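Structure assessment
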Amino acid sequence: MRHMIFGESHGPAIGVVLEGVPAGLELDLEAVQRELDRRKPGQDPTATARRESDTVQVLSGVFEGKTTGAPLAMLIPNSDQHSQDYEAIRYTPRPGHGDYAGFIKSQGCQDYRGGGHFSGRLTLGLVAAGVVAKKILGRKVKIESRIVEIDDCNNPDDFPKIVEEALRAQDSVGGIVECTATGVPPALGEPFFDSVESTMSHLLFSIPAVKGVEFGAGFAAARMRGSEHNDPIISPDGTTATNNAGGIVGGLTNGNPVVVRVAIKPTASISSPQITLNTESGKPEELRIKGRHDACIALRAPVVVEAAAAVALCDLTLIARSLRP
């Protein structure tokens, strides 16, 4: 599939256009809505107070409940913007955010409200695309994500307390999301430049705030011996005794669960005073950010990570199907 995500955080709507969706696919709008609801703001006391219904609308590409093969366009309206909160950052870009780079790239013409096109709200389009991708992959492939670490803590019972402490300190924390895909057939992938790792990483790094991606043992593999890292093959179907490779060898899936972990940085928008550049005066000055922001955006990331993984695996699956004799 080819994907185009459009919209801004404080614009009329967010949307996605998908080309290459096979005709005859039953699109369950309730399933799309359930996934969008998983990342909806306002479900946690430490999350942004922004309240959005995130109700999906299909504009084209579906007739009588099935895809037509034409471009599939889905729209999610915005309704709860407090744009005045962002007037203070028109000329004072937030440290750690895309404000400054976006200002330069757009020659000062970007929509600065709520991060504009750089906002994490744009992941709504990716989540919607992920539902379509999961449908194409079929029921045998199961993709699930979970938060495995927040602020260097791996005990889920402590996560709420850590995030609440960061919020009280007018600060933010990051986290790590682990995604596992089971039922993935062996030999998906097109090395070298469309290997499973490169294809999936490309999608995962499109998620705002993602700063690292690792598969299987990941960076820990550099501290292992070959005798430790190698996964013994114990079955004709390719099942291995361990899964340090994360289900991928030689850029191809090997039939074992595909395991990927994603590092989510702390939210850039924090209430504590920070030093930034005033792009009008050209001088540094203190910035105090207003608005409604998550203390830990990793909390709403699992469904987005799942979607990115699904889209990547879907693309590789469609390529494999097209190459069959």
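Residues numbered from 1 in each chain as written. Predicted model: local features only at pLDDT ≥ 70, side-chain atom pairs only at ≥ 80, totals over all residues. Heavy atoms only, no water.

What about the overall build of the chain?
Where we set the bar: Think of it this way: any DSSP run of H or I at least four residues long counts as a helix, any run of E at least two long counts as a strand, and we number them from the N terminus. Based on C-alpha atoms, the radius of gyration is set beside the globule rule, defined as 2.2 Å times the residue count to the power 0.38. Note on exposure labels: buried denotes an accessible area under 20% of the residue type's maximum, exposed denotes more than 50%, and partly exposed covers the range between, all computed with a 1.4 Å probe on protein chains only. Working definition of accessibility: Shrake-Rupley area with a 1.4 Å probe, residue cover restricted to the visible protein chains. The positive count covers Lys and Arg only, the negative count covers Asp and Glu only, and His and the chain ends enter neither. Charge coordinates come from a single atom per side chain, which is NZ of Lys, CZ of Arg, CG of Asp or CD of Glu.
Per the secondary structure count, the chain includes 7 helices and 14 strands. Relative to the 2.2 N^0.38 estimate, which gives 20 Å for 325 residues, the radius of gyration of the chain is 21 Å and therefore close to what a compact globule would have. Taking all 325 residues of the chain together, the buried fraction comes to 48%. Per element, the accessible surface of the chain, about 16,200 Å² overall, is 54% carbon and sulfur. The average position of the 33 basic charges and that of the 39 acidic charges among the side chains of the chain differ by 2 Å.

Thoughts on the nonpolar core
Where we set the bar: Residues grouped as a nonpolar core are buried Ala, Val, Leu, Ile, Met, Phe, Trp, Tyr and Cys residues, joined through side-chain atoms within 4.5 Å.
Counting residues in hydrophobic clusters, the biggest one holds 71 residues, and the most contacted among them are Met1, Leu18, Met74, Val132, Ile143, Met200 and Leu204. Per-element tally for this core: the top contributor is helix H7 (residues 302-323), with 13 residues. Judged by nonpolar contacts, the second largest core, of 5 residues, contains Ile89, Tyr112, Leu287 and Ile289.

Side note on the sheet that holds strand E1 (residues 2-7)
Test applied: By the convention used here, strands pair only if DSSP detects at least 2 bridges between them. Only the contacting stretch of a helix is used when fitting its axis, a line to C-alpha atoms as for every element, and angles between N-to-C directions run 0 to 180 degrees. We call two residues in contact when some of their heavy atoms are within 4.5 Å.
Spatially, 4 strands are ordered E1-E2-E6-E3 in an open sheet, and the strand pairing comes out antiparallel. Pairing within the sheet leaves two strands with one partner each, and these edge strands are E1 and strand E3 (57-60). Averaged over all pairs of adjacent strands, the angle between strand axes in this sheet comes to 20 degrees, irrespective of strand direction. Relative to strand E6 (residues 72-77), strand E2 (residues 13-19) runs antiparallel, the two being bridged by 6 bridges. Within E6, the position partnered with Ala13 by the bridge is Pro77. Sitting on the sheet, helix H3 (residues 123-137) touches E1, E2 and E6, and the angle it makes with E2 is about 35 degrees.

Regarding H7
The criterion, for reference: Any helix carries an expected span of 1.5 Å times its number of residues minus one.
Given a rise of 1.5 Å per residue, 22 residues ought to cover 32 Å, and the 32 Å separating the end C-alpha atoms of H7 matches this to within 8%. Extensive coverage of H7 is indicated by the burial of 17 of its 22 residues.

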